[in-house]
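# Structural characterization, general
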Amino acid sequence: ERVNEADPGRLAGLLGPLLQDPVRWVRAEAAARLAGAPSRRLPESQQKGWASALAEYEDGQRYMSDLPSGPYNLGNLYAAQGRVADAEKQYRRALAIDDQLFLARANLGMLLAVNGRGEEAERLLREAYAQQPGHAGIAFNLGLLLAERNDRAGAEEMLRAALRADPRLAPAAFNLAVLVGERNPAQAVPLARKALDLRPDDVRYAWTLGYYQARAGDLDG
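Only a predicted model underlies this, so the values are computations on that prediction, with no experimental measurement involved. (Residues numbered from 1 in each chain as written. Predicted model: local features only at pLDDT ≥ 70, side-chain atom pairs only at ≥ 80, totals over all residues. Heavy atoms only, no water.)

### Observations concerning the overall build of the protein chain
The helix and strand tally for the protein chain stands at 12 helices and 0 strands. Secondary structure of the protein chain in N-to-C order comes out as α-α-α-α-α-α-α-α-α-α-α-α. For the protein chain, the spread of C-alpha atoms along the three principal axes comes to 60 × 40 × 25 Å. Here the protein chain holds 221 residues, and the buried ones make up 45% of them. Within the protein chain, contacts between residues separated by at least 24 positions form 43% of all contacts whose residues are at least 6 apart in sequence. For the protein chain, the accessible area works out to roughly 11900 Å², and carbon and sulfur atoms hold 51% of it. For the protein chain, the distance from the average position of its 28 positive side-chain charges to the average position of its 29 negative side-chain charges is 1 Å. (Helix = DSSP H or I, 4+ residues; strand = E, 2+ residues; numbered from the N terminus. Buried < 20%, exposed > 50% of the residue type's maximum accessible area, 1.4 Å probe, protein only. Contact = heavy atoms within 4.5 Å. Areas by Shrake-Rupley, 256 points an atom, 1.4 Å probe, with all protein chains shown as cover. Lys, Arg positive; Asp, Glu negative; His and termini not counted. Charge placed at Lys NZ, Arg CZ, Asp CG, Glu CD.)

### Re helix α5 (residues 84-97)
Residues separated by three or four positions in an α-helix point in the same direction, a consequence of the helix having 3.6 residues per turn. Across its 14 residues, α5 extends 20 Å between first and last C-alpha, which sits within 8% of the 20 Å expected from 1.5 Å per residue. Of the positions making up α5, those classed as buried are Ala87, Glu88, Gln90, Tyr91, Ala94 and Leu95. Down the axis of α5, the buried side of the element spans an arc of 165°, and every buried residue falls inside it. Turned more than 90 degrees off the buried face of α5, the exposed positions are Ala85, Lys89 and Ala96. (Expected span 1.5 Å × (residues − 1). Arc of directions from axis to C-beta.)

### Quick notes on unusual backbone geometry
Even without being a glycine, Asn150 presents a positive backbone phi close to 65°. Its place among the elements puts Asn150 in the loop between α8 (136-148) and α9 (152-165). Given a relative accessible area of 63%, Asn150 falls into the exposed group.

### Considering the packing of helix α10 (residues 170-181) against helix α11 (residues 185-198)
For the pair α10 and α11, interaxial distance at closest approach is 8 Å and the crossing angle is 160°. In terms of axis orientation, α10 runs roughly antiparallel to α11. Crossing handedness for the pair α10 and α11: left-handed. Contacts from Ala170, Ala173, Phe174, Leu176, Ala177, Val180 and Gly181 in α10 reach Pro185, Gln187, Ala188, Leu191, Ala192, Lys194, Ala195 and Leu198 in α11. (Axes fitted to C-alpha atoms, helices over the stretch in contact; angles between N-to-C directions. Parallel < 35°, antiparallel > 145°, perpendicular 65-115°, else oblique. Left-handed = near helix turned anticlockwise from the far one by under 90°.)

### A closer look at the pattern of salt bridges
One pass over the structure, following the stated rule, counts 19 salt bridges. Among the salt bridges present, the one from Arg105 reaches Asp99, with a minimum N-O distance of 2.6 Å. Judged by relative accessible area, Arg105 falls into the buried class, the value being 7%. The partner of Arg149 in a salt bridge is Glu122, and the shortest N-O contact between them spans 2.7 Å. A residue pair is termed long-range when its members are at least 10 positions apart, and Arg149 in the loop between α8 and α9 and Glu122 in helix α7 (residues 118-131) qualify at 27 residues. When its relative accessible area of 16% is taken as the criterion, Glu122 is described as buried. Taken together, the shared-partner salt bridges connect Glu88, Arg92, Asp99, Arg105, Arg117, Glu120, Arg123 and Glu127 into one network. (Salt bridge = Lys/Arg side-chain N within 4 Å of Asp/Glu carboxyl O.)

### Remarks on α11
With 14 residues, α11 ought to run about 20 Å at 1.5 Å a step, and its terminal C-alpha atoms sit 20 Å apart, in line with that. Buried residues of α11: Pro185, Ala188, Val189, Leu191, Ala192, Ala195, Leu196 and Leu198, and no others. Buried-residue contacts for α11 involve α9, α10 and α12 (203-215). Its side-chain oxygen at 3.1 Å from the backbone nitrogen of Ala186, Asn184 defines the N-terminal cap of α11. (Polar contact = N/O pair within 3.5 Å; in protein donor to acceptor, adjacent residues only side chain to side chain.)

### Looking at the packing of α10 against α12
Between two packed helices, what matters for the description is the angle formed by their axes and the separation of those axes. As a packed pair, α10 and α12 sit with axes 11 Å apart at the nearest point and diverge in direction by 30°. Taken as axis vectors, α10 and α12 run roughly parallel relative to one another. Considering the relative orientation of α10 and α12, their crossing is left-handed. In this structure, α10 uses Ala170, Pro171, Phe174, Ala177, Val178 and Gly181 to contact α12, whose residues at the interface are Arg204, Tyr205, Thr208, Tyr212 and Arg215. Residues of the contact of α10 with α12, tallied by class, amount to 7 nonpolar, 2 polar and 2 charged. (Nonpolar A, V, L, I, M, F, W, Y, C, P; charged D, E, K, R; others polar.)

This is the structure in structure tokens:
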């Protein structure tokens, strides 16, 4: 089952029992997926098992350190744990082995973006997008970063590209609605409606649609 990464409690409930799986690979992968916020939702009885399985995961990735996948996976693990310097080191090591590993470049860019290194993050995300121009996730994260850096035209371009690449990417529709809604509330309405149709239980999306409907003069809506 694909679980929303933003729901650490549910992730912990589903993957916690796998920490005792007889197959080492299963234990290790479960531990890695639980790193960060989900691991803090595990009951005390599973914490020791998580630490042990996580050590197995790290050992396995270090064993593959001559391949880009090893340091790349460690970079993802350390980023989830908030170990910024360690994550950066591993992502850069992966790129030193394989400069075409666009996901390592993109994840490094996102890591730097949330740690106040916006200029370098933008360069990395632009490079990753140039490598993989049809990747919705890279376009989306680049769009968010450009909006933070007050490049509104660039942000709109990237968010629209993300939505073209993945028409079901509700956050792209939502953020694009907020971006264009400042200058034209009527243009924001169909975007906000699309976001809400994709995620009908998200109250932010419902409120945003109502807000732009009101600003566009559709008070009944």
